[in-house]
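Here is how the chains run, residue by residue.
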Amino acid sequence: MVAPPQEAFLRIAHDVILRLGTILDLPRLIAAIVQETRGLTNCERVEVLLVNEEEGILSLSRSEGVSLYAEYPAVTAWKAGNLYTATTGEHFILAKTDAFVGLPLHSESKFIGVLLLENPGSLQPVPAETQALLNAIAPGLAILLRNARQHSETVKSLDTRMFELSIFNQIDRELSDTIDLPQVFDMTLDWAMRYTNANAGSLSLYNQNDDELKFVVDLGYESTPEDMAMLRSVSSGGIAHRVALSAFAELVPDVMTDKDYLELSNSIRSHMSVPVTREDRVIAVISIESRQINAFTEGHINFVEKLAARAGVAIDNARLFTETVREREKLSHILAEVADGVIVVSEDERIILINQAAIAAFRLSPEPDYEGRFLSEVVDDHDFVEVLRATTSLKNKALVEIVLPNGNTYYVDFSPRPDIGWIIVMNDITPLRKTDQLKRDLVATVSHDLKQPLSVMNGYLDLIQMSQKLDTRGEGYVRMIVRSIHNMRQLIDDLLDLAKIDAGVEINMQPVPIASLITDCLEGTKRLADAKAMRVEVDVAPDLPYVSGDPNRLLQVFNNLVSNAIKYTPPEGTIHISAESLKNAVRIKVKDSGVGISPEDQARIFDRFYRVRRPENESIEGTGLGLTIVQKLVEAHHGQIGLESFLGEGSTFYVTLPRHEDN
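Residues numbered from 1 in each chain as written. Predicted model: local features only at pLDDT ≥ 70, side-chain atom pairs only at ≥ 80, totals over all residues. Heavy atoms only, no water.

What follows is about the overall build of the protein. When you go through the protein residue by residue, the secondary structure sums to 17 helices and 23 strands. Across the 663 residues that make up the protein, the buried fraction comes to 45%. Considering only contacts in the protein between residues 6 or more positions apart, those separated by 24 or more positions represent 59%. Just so you have it, the protein exposes about 35300 Å², and 52% of that area is on carbon and sulfur atoms. (Helix = DSSP H or I, 4+ residues; strand = E, 2+ residues; numbered from the N terminus. Buried < 20%, exposed > 50% of the residue type's maximum accessible area, 1.4 Å probe, protein only. Contact = heavy atoms within 4.5 Å. Areas by Shrake-Rupley, 256 points an atom, 1.4 Å probe, with all protein chains shown as cover.)

Each pair of packed helices can be described by the angle between their axes along with the distance between the axes. Where helix H1 (residues 6-20) meets helix H4 (residues 128-176), the axes come as close as 9 Å, and the angle between the chain directions of the two elements is 35°. Our pair here, H1 against H4, has a crossing hand that is right-handed. The residues of H4 that touch H1, namely those facing Phe 9, Leu 10, Ile 12, Ala 13, Ile 17 and Leu 20, are Glu 129, Ala 132, Leu 133, Ala 136, Ile 137, Gly 140, Leu 141 and Leu 144. Here the residues of the contact of H1 with H4 are counted per class, giving 12 nonpolar, one polar and one charged. (Axes fitted to C-alpha atoms, helices over the stretch in contact; angles between N-to-C directions. Left-handed = near helix turned anticlockwise from the far one by under 90°. Nonpolar A, V, L, I, M, F, W, Y, C, P; charged D, E, K, R; others polar.)

Right, let's talk about the packing of H4 against helix H5 (residues 181-196) for a bit. For the pair H4 and H5, the least separation of the axes is 11 Å and the interaxial angle reads 165°. With respect to each other, H4 and H5 are oriented roughly antiparallel. Crossing of H4 against H5: the hand is right-handed. Residues Phe 163, Glu 164, Ile 167, Gln 170, Ile 171, Glu 174 and Leu 175 of H4 touch H5, and the partners they reach there are Val 184, Met 187, Thr 188, Trp 191 and Tyr 195. (Parallel < 35°, antiparallel > 145°, perpendicular 65-115°, else oblique.)

Quick look at the environment of Asp 539 now. For Asp 539, the location among the structural elements is in strand S18 (residues 535-539). On the basis of relative accessibility, which here comes to 47%, the residue Asp 539 falls in the partly exposed class. Spatially, the C-alpha atom of Asp 539 lies 9.9 Å from that of Ile 588, the residues being 49 residues apart in sequence. Once residues lying within four places of it in the same chain are set aside, the contact partners of Asp 539 are His 576, Ile 577, Ser 578 and Ala 579.

In this section: the nonpolar core. Side chains of a nonpolar character, in soluble globular proteins, are inclined to be buried together. Ranked by internal contacts, the top residues of the largest apolar core, which has 41 residues, are Ile 514, Ile 518, Phe 558, Leu 561, Ile 588, Phe 606 and Phe 653. Looking at this core, the elements with two or more residues in it are helix H14 (514-531), helix H15 (551-567), strand S20 (574-581), strand S21 (585-592), helix H17 (626-636), strand S22 (640-646) and strand S23 (650-658). No other element matches the seven residues that H15 contributes to this core. Beyond its immediate chain neighbours, meaning those up to four positions away, Ile 514 contacts Val 540, Leu 544, Val 547, Ala 579, Val 586 and Ile 588. Ranked by size, the runner-up nonpolar core spans 34 residues in total, among them Leu 175, Phe 185, Val 276 and Ala 284. (Core = buried A, V, L, I, M, F, W, Y, C linked by side-chain atoms within 4.5 Å.)

If you walk through the whole model with that rule in mind, you get five aromatic pairs. An angle of 5° between the planes, with centres 3.6 Å apart, marks the rings of Tyr 195 and Phe 303 as stacked. One end of the pair, Tyr 195, is in helix H5; the other, Phe 303, is in helix H8 (residues 298-337), and 108 residues separate them in sequence. Neither Tyr 195 nor Phe 303 differs from the other in exposure class; each is buried. Taken together, a centroid distance of 5.0 Å and an interplanar angle of 75° make the contact between Phe 362 and Phe 384 edge-to-face. Taken together, the positions of Phe 362 in the loop between helix H9 (356-361) and helix H10 (375-378) and Phe 384 in helix H11 (residues 382-394) put the pair 22 residues apart, joining distant regions of the chain. Take Phe 384: its relative accessible area is 0%, and that puts it in the buried class. (Phe/Tyr/Trp six-rings, centres within 6.5 Å; stacked < 30°, edge-to-face > 60°.)

What follows deals with the sheet that holds S18. Sheet strands associate in pairs through backbone hydrogen bonding, adopting either a parallel or an antiparallel arrangement. Strand order across the open sheet formed by five strands is S18-S20-S21-S23-S22, with mixed pairing between neighbours. Two strands lie at the open edges of the sheet, namely S18 and S22, each paired on one side alone. Across the sheet, the axes of successive neighbouring strands diverge by a mean angle of 15°, strand direction being ignored. Examined bridge by bridge, S21 and S23 share seven bridges and lie antiparallel to one another. Residue pairing across strands places Arg 587 opposite Thr 656, the latter belonging to S23. Set on the sheet, H14 makes contact with S18, S20 and S21; between it and S18 the angle comes to about 180°. Sitting on the sheet, H15 touches S20, S21 and S23, and the angle it makes with S21 is about 25°. (Pairing = 2+ DSSP bridges.)

Moving on, we come to the sheet that holds strand S15 (residues 409-417). Spatially, five strands are ordered S13-S12-S16-S15-S14 in an open sheet, and the strand pairing comes out antiparallel. Taken across any chain shown, the strands that pair with only one partner, and hence form the sheet edges, are strand S13 (351-354) and strand S14 (398-403). If you compare each strand with its neighbour and ignore which way they point, the axes differ by 20° on average. Where strand S12 (residues 341-345) lies against S13, three bridges are found, and the strand directions are antiparallel. Bridge pairing links Val 345 to Ile 351 in S13.

What follows is about the pattern of salt bridges. This model, assessed by the stated rule, comprises 16 salt bridges. Between Arg 45 and Glu 47 there is a salt bridge whose closest N-O contact spans 3.9 Å. Among the residues examined, Arg 45 registers a relative accessible area of 25% and is labelled partly exposed. Glu 47 gets classed as buried once you look at its relative accessible area, which sits at 11%. In this structure, Glu 580 engages Arg 587 in a salt bridge whose closest nitrogen and oxygen atoms are separated by 2.8 Å. For Arg 587, a relative accessible area of 9% puts it in the buried group. A single network of salt bridges, built from pairs that share partners, joins Arg 242, Glu 250, Asp 258, Lys 259 and Asp 260. (Salt bridge = Lys/Arg side-chain N within 4 Å of Asp/Glu carboxyl O.)

Take the pairing of S15 next. In summary, the side chains of a regular strand alternate between the two faces of the sheet. Burial analysis of S15 places seven of its nine residues in the buried class, the great majority of the element. Taken together, the six bridges between S14 and S15 define a ladder with antiparallel strand orientation. Residue pairing in the sheet places Val 400 in a bridge with Val 412 of S15. Counted between consecutive antiparallel strands, the loop separating S14 from S15 contains five residues, among which Gly 407 sits at a positive phi close to 85°.

Now the structure itself:
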């Protein structure tokens, strides 16, 4: 071959690089380089050797390769960027080599690979002009190989990423489709083993408070059930427990070198454990194992860590759901045994919960599931539904007496609860009402007759004081009798007043200013408050809308409420009176800092003659009719009364009255 000038070499190299420059697939590029080189050099055998930096070798795709760190003259020369010519057999690369030329390929001072040429059976290397031509082509080939390798690695990485994304997409779908905790455990471990080609694996829950690790699922072990049961009983120790404590994944290439390894199978050689975390705490550990040494890679750890992040959410959600179901079942069993009817409805009046007592009260079938249905569709009682709607529109607690379809009388407590809706508790007071009716009939019969002897007694006491000179003790006795007569007269007046209200008291409706009403009330109760050195705070705007009502009867309502607040609040306490305008009503609150009312007393606080019996209240006088009269008068004004109270924290009474229509 006649040696062409250098310009011709460069032109040939330029043409070769142009022809090969569009090939980005590495195997195709290598094949094309081999073909082009054969055509240019007439060599019978051409090979491309590439550097694998991760494994530290220089190799053909079909051979194991030569160590880059071996002391072979050829490798040393190539790494230095020098062409190497061999005229004697060197068997470290090709199966049979008599003479060859190895052209190093460098790009940006980086050793990429070698272009190897030989003529089997010949002891002569390729001619010098051929070597010169190869030197001209080498830089371009190195760039092409580097680009093709980067492209192949990028494509491979993208393929791996897309494959991983498709797997995680499927994992997300499967995990989101179940809230069954055992199924979440099985699914998580199955995916971890499938991706890593593991032979066995386990998933353990970790209790950080007790530092205990509990096996919940395992797959692929050959141990007997007795052996596995024994190993599961171990609450600490092992690689998994170490990972639970550190919260960092661990890869153990050879379990025989790890002193903490707990042997679940004598055929296991490598191990990997990954923590499952939730809100910076370890809740579980995924452990996978293989019969091969060094079977797991960093890529496997990355995958299982991403899987663990998803599993953490799924496990936490499933566990919360399981606990919620368990608590709901417990609550359901409790409510089923409660004699009071209980209904929980959402803000839009859909049933969240209804117990058997409420179902019986409304004469509903016990079979259907009423959850999620509108209360008005389920309960065929117009009055009850209207009371609920009136109460919910005012957004305050209410206590109402209602006769339900079963003919019984119920004391119904409507209580608002944020983020839930309304809790309705129905207490059957039919026996009490029957007894109350007997009391009412008796009172109606004897009340008028009781006033006459009281008047006579009072008159004779006046005569005694006028006609007799009494000593100090005698005057004390007379005062006690006078006070008792006064209390008896007050009781009779309350009974007669209550009888009038029950019979349908006439309410003289007119516009009433709340601010003036509260002012009149405080003037009447000032003496009581001053006697106990109490602070009375008023937060009532003078421009509040007028309410519709009878001024005298409303004054009676608030006199009772404020007097009660003063009586049941220790000296130097506080009474706070406030009012606010609602959509179609005005709500007045009377709040005290007194002893409070227990839940069982609250259920009967508006009953006739009922008084809270506590040691701190024994000295407080009263008839037990005041709040009954208040409730009756508020209802006669088409209003509502409610109560919120906690022992030791005082009580708040709410009175909601309709606004006057001209407001």
